[in-house]
Amino acid sequence: MTALFGKRIFVATILSMLALCAGKGVEAQSPQGPIRVEVDESRAPQKIMHTHLEMPVQPGPLTLYYPEWIPGEHMPDGPIIDMAGLKFTCNGKTIAWRRDLIDMFAFHLDIPQDASSLDIDFDFLLSAPASGYSAGASATAFLNLVSWNQVVLYPKGYDAANITCIPSLKLPSGWKFGTALPGPKQSGDTIEFAPVSLETLIDSPVITGRYFRKVELTPGQAPLHEMDIAADNPADLAMLPETEGHFQRLIAEAYALFGSRHYRDYHFLLTLSDNVAHFGLEHHESSDDRTRERSLIDEPTRIGFAGLLPHEYVHSWNGKYRRPADLLSPDYHQPMKDDLLWVYEGLTEYLGSTVLTARSGLWNQQQTREEIARVAAMLDNEPGRRWRPLQDTADSAVFLYDAATEWGNWRRGTDFYEEGIYLWLDVDDTIRRMTKDQESINDFCRLFHGGTSGEPDLKPYTFEDVVAALNQIVPYDWASFLRSRLDSTAPNTMNESIENSGWKLVYDDKPNEMIENRDAIRRKINLALSIGLQLTDDGAVEDVIYGGPSYKAGMGPGMKITAVNGKQFSRDTILEAVEAAKSTAGPIQLIVANGPDVQTYSADYHGGFRYPHLVRDESKPDYLSEILKPQAPR
Ligand SMILES: [Zn+2]
């Protein structure tokens, strides 16, 4: 085990000597062998887990870190507030500790002279509210997703790749599990895994549950591709054969796109529950995908979540194998810089949530076009694009991820996801046009994300590397192409990309299929494109479009509409009022509660419903249909 640390100890020693010269404190300790990580989640339904760590140590001062910068979450949101009952012991004696006053994720302690091993115990308090990311609700009565970053401490001064861990996990009685962690050996309800680096451990969560199903997507072939599904209701584990077929196609289409795979095997860890946070978190050999109940059996819900697995899967290449150099935090302590998230997330949104979702059949071409129109219209009508450049949505992602939804249209959110679709569609259009259809973004992916298949690997990149790879596909001023879209305010990127792909964004009064589907699943009424309101089904105002008709009427988020044109509020009354206003001169009258105050607001809007769609422009080649067509051999 010491061999694993050899190189690192040398670097650490040099750093310690430099620190000594600078008059700073020196970390005398170095890990002497693997850390045992024993996690007991048998009380997960009670929303609490226990962790016991055994760490080889040397006498003297020791600093331990709790993981702060969580890979894939792009911010310092390690849930340190949910540690409780922290206790350090050497040879059965309790050791005092003190938190660093500046560096809140660091704990200082002094190891006694006779000690060679440190025992660490603490509980992790599982969050109850179903919001947030991996620190959000993860456990229900019947399932839990174990994220190892929540249940470890590790010594300062080492890259996670060079610290060896021996993990084990005790499940609630009778529960099953799925993970990309190698070498699981089960004995009763306890599973011992093979030794792995701390980096691999934190990159390999474990899904556990009472109602559990494994689905092999490439049966009889190597590498293994598996869906490990845990659900609150056993009936939700069913999957229509055609849906399973689409996920099988996803594996084939991703391979056709990238030409190689940088994992030993791949696990989709899929949680189906209305009681957990809903999001996806990418890992190199797995993804933590959490979505609604019935997502595999109810067609509107399935359509609503269709882009999630393709997005997280693409991250195995774009995000894990190729990662912006600025995002590397080898010890979860060094800050990440988010400036290249328009590649990391933006290209993934294009390739995963759009192109591969269509190529695998999870959406048909019409649904994909409706989604492209929906997102383009949302951005096209977002006033925040007039002051905050796209680049700044990435640069400030650390706080935009947690920003409130209220005034989101004026503040702007993490638009490098959605706007990334059009930025990279325009890259794809441009390559196709300049090479007369000889090359496309598929060739860029094979060059940039391809290489030899096998064990997980990491190749960091810079902005210049992206430009150089694009230039290898077709020489062009790619730096200016990208910078003009990233640095200017209100660029016409969505419309131009759609037009360059042979289609046009139009608005009419026929409902957009994907907007309707989203509203139905989420119980929302999206009138952002007409009277400038986003409502829940019961009239609560979630957002008001800055500068729109309702804004001008004096409305703001947090209000609640109780009546429309003299009738009690309902989905139908507000929709009827917008339609009727087309042929009347007077404003739409809304009776609205604002906390203790109730007033009538007059929204002067007569434009009727505006729904976005794509229509074909016959004067141009149809790149979009070509882009969305399956590529893999059948
Ligand atoms: Zn992502």
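Up top is the structure these notes are about.
Thresholds, definitions, all that
Residues numbered from 1 in each chain as written. Predicted model: local features only at pLDDT ≥ 70, side-chain atom pairs only at ≥ 80, totals over all residues. Heavy atoms only, no water. Helix = DSSP H or I, 4+ residues; strand = E, 2+ residues; numbered from the N terminus. Rg over C-alpha atoms; globule rule 2.2 N^0.38 Å. Contact = heavy atoms within 4.5 Å. Areas by Shrake-Rupley, 256 points an atom, 1.4 Å probe, with all protein chains shown as cover. Lys, Arg positive; Asp, Glu negative; His and termini not counted. Charge placed at Lys NZ, Arg CZ, Asp CG, Glu CD. Pairing = 2+ DSSP bridges. Axes fitted to C-alpha atoms, helices over the stretch in contact; angles between N-to-C directions. Buried < 20%, exposed > 50% of the residue type's maximum accessible area, 1.4 Å probe, protein only. Arc of directions from axis to C-beta. Parallel < 35°, antiparallel > 145°, perpendicular 65-115°, else oblique. Nonpolar A, V, L, I, M, F, W, Y, C, P; charged D, E, K, R; others polar. Donors = N, O, S within 2.8 Å, 3.2 Å for Na, K, Ca; no water. Salt bridge = Lys/Arg side-chain N within 4 Å of Asp/Glu carboxyl O. Polar contact = N/O pair within 3.5 Å; in protein donor to acceptor, adjacent residues only side chain to side chain.

Engineer: Looking at this structure, I do not really get the overall build of the chain. What am I missing?
Structural biologist: Check the secondary structure of the chain and you find 20 helices and 32 strands. Against the 2.2 N^0.38 benchmark of 26 Å for 634 residues, the chain shows a C-alpha radius of gyration of 26 Å, consistent with a compact globule. Principal axes of the C-alpha set define a box for the chain whose edges measure 90 × 65 × 55 Å. Here the analysis covers contacts within the chain between residues at least 6 apart in sequence; of these, 71% occur between residues at least 24 apart. Accessible surface for the chain amounts to roughly 24,900 Å². Of this, 52% is attributable to carbon and sulfur atoms. Averaging the locations of the 59 positively and 88 negatively charged side chains of the chain gives two centres separated by 1 Å.

Engineer: Which parts of the structure should I look at to understand the sheet that holds strand β6 (residues 97–99)?
Structural biologist: The pairing of strands in a sheet happens through backbone hydrogen bonds and is either parallel or antiparallel. Taken in spatial order, the four strands of this open sheet run β6-β7-β3-β10, and their pairing is antiparallel. The open sheet is flanked by β6 and β10 (154–155), the only strands paired with a single partner. As judged from the six bridges shared by strand β3 (residues 60–65) and strand β7 (residues 106–111), these two strands associate in the antiparallel manner. Residue Leu62 lies in a different strand from β7, and its bridge partner there is Leu109.

Engineer: So what exactly am I meant to see when it comes to the sheet that holds strand β29 (residues 567–568) here?
Structural biologist: Across the sheet, four strands lie side by side as β29-β28-β30-β31; this open sheet has antiparallel pairing. A strand with exactly one partner marks an edge of an open sheet, and here the two such strands are β29 and β31 (597–603). With seven bridges connecting them, strand β30 (residues 588–594) and β31 associate as antiparallel partners. Across the sheet, Leu590 pairs through a bridge with Tyr601, a residue of β31. On top of the sheet, helix α19 (residues 571–580) reaches β28 (560–564), β29 and β30; it is set at about 65° to β28, its chief contact.

Engineer: Explain helix α14 (residues 463–473) to me, please; I cannot follow it from the model alone.
Structural biologist: Counting along an α-helix, one turn takes 3.6 residues, and residues three or four places apart therefore face a common direction. Residues of α14 that are buried include every one of Phe463, Val466, Val467, Ala469, Leu470 and Ile473, and no others. Take α14 and look down its axis: the buried residues cluster within an arc of 160°, on one side only. Opposite the buried face of α14, at more than 90 degrees from it, the exposed residues are Glu464 and Gln472. On its buried side, α14 packs onto α6 (341–344), α12 (418–434), α13 (441–449), β23 (459–461) and α15 (478–487).

Engineer: Could you clarify how one ought to interpret the packing of α14 against α15 in this entry?
Structural biologist: Two quantities define a packed helix pair, namely the angle between the axes and the distance from one axis to the other. At their nearest, the axes of α14 and α15 sit 9 Å apart, and the two run at 125° to each other. If you check the angle between α14 and α15, you find them oblique. In this structure, α14 contributes Phe463, Val467, Leu470 and Asn471 to the contact, and α15 contributes Trp478, Ala479, Leu482 and Arg483. Per-class residue counts for the contact of α14 with α15 are six nonpolar, one polar and one charged.

Engineer: Teacher, can you tell me more about the coordination of the zinc ion here?
Structural biologist: Put simply, a metal with four donors set out as a tetrahedron has ideal angles of 109.5 degrees, and one with six donors set out as an octahedron has ideal angles of 90 or 180 degrees. Protein-derived coordination of the zinc ion comes from His311 (NE2), His315 (NE2) and Glu345 (OE), at a distance range of 2.0 to 2.1 Å. Positions of the donor residues of the zinc ion along the chain correspond to the pattern H-x3-H-x29-E. Separated by 34 residues along the polypeptide, His311 in helix α5 (residues 308–314) and Glu345 in the loop between α6 and α7 (346–359) bring together distant segments of the chain. Take Glu345: its relative accessible area is 1%, and that puts it in the buried class.

Engineer: Explanation requested: α15 in the structure shown.
Structural biologist: Among all positions of α15, only Trp478, Phe481, Leu482, Arg485 and Leu486 are buried. The buried residues of α15 occupy an angular sector of 115° when the element is viewed end-on, so they sit on one face.

Engineer: Before we go on, may I ask you to explain the pattern of salt bridges in this structure?
Structural biologist: In a structure, side chains of opposite charge can pair up when their charged atoms sit close to one another. Summed over the entire model, instances satisfying the criterion amount to 28 salt bridges. Two residues, Glu244 and Arg213, come together in a salt bridge whose shortest N-O distance is 4.0 Å. Linking Glu244 in helix α3 (residues 241–258) with Arg213 in strand β17 (residues 211–216), this pair joins segments that are 31 residues apart in sequence. A salt bridge links Glu626 to Lys629; the nearest nitrogen and oxygen atoms lie 3.0 Å apart. Residue class for Lys629 comes out partly exposed when judged on its relative accessible area of 39%. A cluster of three or more residues bridged by salt bridges with shared partners is formed by Glu382, Arg385, Arg412, Asp415 and Glu419.

Engineer: Sorry, what's going on with the environment of Met434 here?
Structural biologist: Within the element layout of this structure, Met434 appears in helix α12. A relative accessible area of 34% means that Met434 is categorised as partly exposed. Placed 51 residues apart in sequence, Met434 and Pro383 show a C-alpha to C-alpha distance of 33 Å. Those residues in contact with Met434 that lie beyond four places of it in its chain are Val474, Pro475 and Tyr476.

Engineer: Would you mind showing me how to read the pairing of strand β9 (residues 143–146) here?
Structural biologist: Remember that side chains alternate between the two faces of the sheet whenever the strand is regular. Both faces of β9 are covered, namely the face carrying Leu143 and Leu145 and the face carrying Asn144 and Val146. Note: β9 against strand β16 (residues 206–209), four bridges, orientation antiparallel. Paired with Leu145 across the bridge in β16 is Ile207.

Engineer: When you look at the pairing of β30 in this model, what are you seeing that I'm missing?
Structural biologist: Bridge analysis of β28 against β30 gives four bridges, and the strand direction is antiparallel. If you follow Lys560 over to β30, its bridge partner there is Ala593. Hairpin connection, β30 to β31: the antiparallel pair is bridged by two residues, and Gly595 has positive phi, about 60°.

Engineer: I would appreciate a short explanation of the side chain of Arg290 in the present structure.
Structural biologist: Position of Arg290 among the secondary structure elements: in strand β21 (residues 286–291). Residue classification places Arg290 among the buried positions, given a relative accessible area of 1%. At 3.2 Å, the side chain of Arg290 forms a polar contact with the backbone oxygen of Ala137. Within polar-contact distance, the side chain of Arg290 engages the side chain of Asp288 at 2.9 Å.

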